[in-house]
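# Structural characterization, general
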Protein chains: 2
Amino acid sequence: MITIGQLARYVGVSIKTIRVYHDKGLLPEPDRDASGYRRYGANDAIALIKIRTLAEAGVPLARIRDLRSATDEEYQQALREIDQDLTARIRGLRATQGRLRQLAAGHLAPLPAEVGPYLEDLARWGFTPRWVDLQRDLWVLVFATHPDRATALFRDQSGMLADPALRQLFLDHAHDLDADDPRIDTLARRITEATRQRYGAGELPQLDAESEIPALIQGTVNASSPAWRRLDALIRAGLGA
Amino acid sequence: MITIGQLARYVGVSIKTIRVYHDKGLLPEPDRDASGYRRYGANDAIALIKIRTLAEAGVPLARIRDLRSATDEEYQQALREIDQDLTARIRGLRATQGRLRQLAAGHLAPLPAEVGPYLEDLARWGFTPRWVDLQRDLWVLVFATHPDRATALFRDQSGMLADPALRQLFLDHAHDLDADDPRIDTLARRITEATRQRYGAGELPQLDAESEIPALIQGTVNASSPAWRRLDALIRAGLGA
DNA sequence: ACTTGCCCTGCCCCAAGGGCAGGGTTGAAC
DNA sequence: GTTCAACCCTGCCCTTGGGGCAGGGCAAGT
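Just so it is clear, the structure is predicted and the values come from calculations on it, not from any experiment.

Moving on to helix 6 (residues 115–125) of chain A. All names here are of chain A. For helix 6, the complete set of buried residues consists of V115, Y118, L119 and L122. The arc that holds every buried residue of helix 6, seen down its axis, measures 100°, which confines them to one face. Relative to its buried face, helix 6 has exposed residues pointing more than 90 degrees away, namely E120 and R124. For helix 6, the elements touching its buried residues are helix 7 (129–145) and helix 8 (147–162).

Structure below.
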């Protein structure tokens, strides 16, 4: 008959763990020897190994306790569920690992294939790396929260910047302009015209939804400069929103 | 600017979780609106997504907080460590799943290949299923706790039962015999003789070690019948231990 | 007789939130 | 005008699976 410390070493578990299992009714308290020490037999070791197998699989101790009084049928069913749960958790961890690697590579999350070239274009056209990174994160947010509308919004945006004249205006003027520079009015007019051309008289996708995310993003972009804030207001007014 | 509930829904997390991240300094407290509600921007959402990616990878929140003030070098290094840790955890879970399936199949743990046929032989020779199961669990214990000596002990034991005469004695007599049946003496003599033959005058592997596990197992077996208890004592005496 | 290494119980502590109480806000419906 | 549901706020206690410590009792070698 071995002591609690020996049992703990054999099974690879702490003494405290065994005592907890006694307290919670997972493993019955064994008889004590003359000096009050717990004395264990081989059957206790076997029971403890079984308990650990389940506990390491993530089964709550209370559930393990209940399984002690389950029929064989219930027990097998429980084991099947635990197995499936384990499979799901392994899959989840692998997905997490994938996201982690995206994070390590500087990407917040994978984006649709068409966004990558657009971001590279931005860099090539002279937007600052800081700005490109912000754009990437914002698009992550849009694709994560509004997968249905994100693609349309993205094509709209990238189509706009595909026009070299508009692009040049963005690049040259908007960023470090005074808020009352008259060229902002010109820029706003050109953008409203281009937008009207794209959508005709129909509704404008950015403005019809009550969703907050596009507004949130516009706010973040606006926060970078008073000039952009005024530009946004002018465009909004020009489109009659 | 969105509220805490909207942010929580977008990122797929509970409101409480966000508040906890504020309390622990993971995510800075945003400004409040006129009625004291927290108001979040897109950058908060981006930061929260990053935090969740790490938290789901099992990184403690305190560590995530510290990473906020790490250099890029440290950050990349930390991500590599987390990735490796994740790989290890996935491997561990797969191993656990394997052990779980052994458990579902009625085995406590995988045993060396040679043990399986031996257990099947036991069943074929007429030992009760209950007894065979006990034997399997006991061997699991021996192989788990004394991998170095388990194989020798096992070959010794299985060799003994390979002798049909000895086997028959075990089977017919020992189990439901009175403790003072004279045939036990005969049986003990035959076993000591066979053991001496096997090992000559050298040391006997079962008895030399101070390890408790073999004694534990012998005790468990003895507990099943007074006759076996006496048989064990006779063998011990006969071998001069 | 001392020391070292076990063992005992009872207590408080941790992370990562969950849940509830008690109270204020907002917006829409009646 | 009020009432209702759906939000938000803070503060507090609860949970799981143990870890760790205090304060004390055995065991065994030297």
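The transform that puts chain B on chain A rotates by 180° and translates by 0.1 Å along the axis, for an RMSD of 0.2 Å. When the rotation and shift are considered jointly, the pair of chain copies conforms to a two-fold rotation axis. Considering only C-alpha atoms, the residue of chain B closest to the rotation axis is I90 of chain B, which sits at 3.0 Å. Of the interface residues in chain B, 100% have counterparts in chain A that sit at the interface too, so the contact is made through matching surfaces.

With that settled, the discussion passes to the packing of aromatic side chains. For the structure shown, the criterion picks out four aromatic pairs over all chains. Note on W139 of chain A and F154 of chain A: the rings are 5.3 Å apart at their centroids and 90° apart in plane angle, and the pair reads as edge-to-face. Linking W139 of chain A in helix 7 with F154 of chain A in helix 8, this pair joins segments that are 15 residues apart in sequence. With a relative accessible area of 2%, F154 of chain A lands in the buried category. Arranged with centres 5.1 Å apart and planes meeting at 90°, the rings of Y118 of chain B and F154 of chain B form a pair that is edge-to-face. Of this pair, Y118 of chain B sits in helix 6 (residues 115–124) while F154 of chain B sits in helix 8 (residues 147–162); the two residues are 36 residues apart in sequence, bridging distant segments of the chain. Considered together, Y118 of chain B and F154 of chain B belong to a single accessibility category, that of buried residues. Among the aromatic side chains, those forming a connected cluster through ring pairs are Y118, W139 and F154 of chain A.

Glancing now at the nonpolar core. In terms of nonpolar packing, the biggest core is built from 104 residues, with I18 and L54 of chain A together with I18 and L54 of chain B touching the most fellow members. Not counting residues within four places of it along the chain, the set of residues in contact with L54 of chain A comprises V59, I64, L67, L79 and I82 of chain A together with L100 and L103 of chain B. In terms of nonpolar packing, the next biggest core, distinct from the first, is built from nine residues, M160, L166, I184 and I191 of chain B among them.

Around DNA strand C lies a shell of 21 residues, among which T3, G5 and R19 of chain A together with K16 and Y37 of chain B are the nearest. Of all DNA strand C atoms lying within 4 Å of any protein atom, the proportion belonging to sugar or phosphate reaches 67%. S14 of chain B has a polar side-chain atom sitting 2.8 Å from a phosphate oxygen of DNA strand C. Y37 of chain B has a polar side-chain atom sitting 2.7 Å from a base nitrogen of DNA strand C. Elements with a minimum of two residues in the surface near DNA strand C: helix 1 (4–11) and helix 2 (15–23) of chain A together with helix 2 (15–23) of chain B.

Another point: a positive patch on the surface. On the surface, R91 and R94 of chain A together with R91 and R94 of chain B cluster together into a positively charged patch. Of all the secondary structure elements, the ones that give two or more residues to the positive patch are helix 5 (72–104) of chain A together with helix 5 (72–104) of chain B. Checked against the element boundaries, R91 of chain B lands in helix 5.

Turning to the protein's contact with DNA strand D, a few remarks are in order. Contacts to DNA strand D come from 21 residues, most closely from S14, K16 and Y37 of chain A together with T3 and R19 of chain B. Among the atoms of DNA strand D close to the protein, meaning within 4 Å, 67% are from sugar or phosphate groups. Measuring from a phosphate oxygen of DNA strand D, one finds a backbone N or O atom of L61 of chain A at 3.2 Å. Taking T3 of chain B, its side chain carries an N or O atom lying 2.7 Å from a phosphate oxygen of DNA strand D.

Turning our attention to the interface of chain B and chain A. Taken together, the contact between chain B and chain A spans 42 residues of the former and 43 residues of the latter. Linking chain B to chain A there are four salt bridges. With a shortest N-O distance of 2.6 Å, D83 of chain B and R101 of chain A are connected by a salt bridge. Where chain B packs against chain A, one counts ten residue pairs in polar contact (both at pLDDT 80 or more). Secondary structure elements with two or more residues in the side of chain B that touches chain A: helix 1 (4–11), helix 3 (42–56), helix 5, helix 7 (129–145) and helix 12 (213–223) of chain B.

Another aspect to go through is the pattern of salt bridges. Residues and elements named next belong to chain A. If you walk through the whole model with that rule in mind, you get 22 salt bridges over all chains. Among the salt bridges present, the one from R39 reaches D33, with a minimum N-O distance of 3.0 Å. By relative accessible area, R39 is classed as partly exposed at 25%. Looking at D33, the relative accessible area reads 23%, which means it is partly exposed. One salt bridge connects E114 with R155, and the closest N-O pair in it is separated by 3.1 Å. Here the residue E114 occupies a position in the loop between helix 5 and helix 6, and R155 occupies one in helix 8, the gap between them amounting to 41 residues. According to the relative accessible area criterion, E114 is partly exposed, its value standing at 31%. Each of E29, R32 and R38 takes part in salt bridges that share partners, so that together they form one network.

Rules behind the numbers
Residues numbered from 1 in each chain as written. Chains lettered and ligands numbered in written order. Predicted model: local features only at pLDDT ≥ 70, side-chain atom pairs only at ≥ 80, totals over all residues. Heavy atoms only, no water. Buried < 20%, exposed > 50% of the residue type's maximum accessible area, 1.4 Å probe, protein only. Helix = DSSP H or I, 4+ residues; strand = E, 2+ residues; numbered from the N terminus. Arc of directions from axis to C-beta. Contact = heavy atoms within 4.5 Å. Least-squares fit on C-alpha atoms with pLDDT ≥ 70 in both. Phe/Tyr/Trp six-rings, centres within 6.5 Å; stacked < 30°, edge-to-face > 60°. Core = buried A, V, L, I, M, F, W, Y, C linked by side-chain atoms within 4.5 Å. Near = heavy atom within 4 Å. Polar contact = N/O pair within 3.5 Å; in protein donor to acceptor, adjacent residues only side chain to side chain. Patch = residues over 30% accessible without salt bridge, like charges linked within 9 Å, V, L, I, M, F, W, Y side chains within 5 Å. Areas by Shrake-Rupley, 256 points an atom, 1.4 Å probe, with all protein chains shown as cover. Salt bridge = Lys/Arg side-chain N within 4 Å of Asp/Glu carboxyl O. Lys, Arg positive; Asp, Glu negative; His and termini not counted. Charge placed at Lys NZ, Arg CZ, Asp CG, Glu CD.

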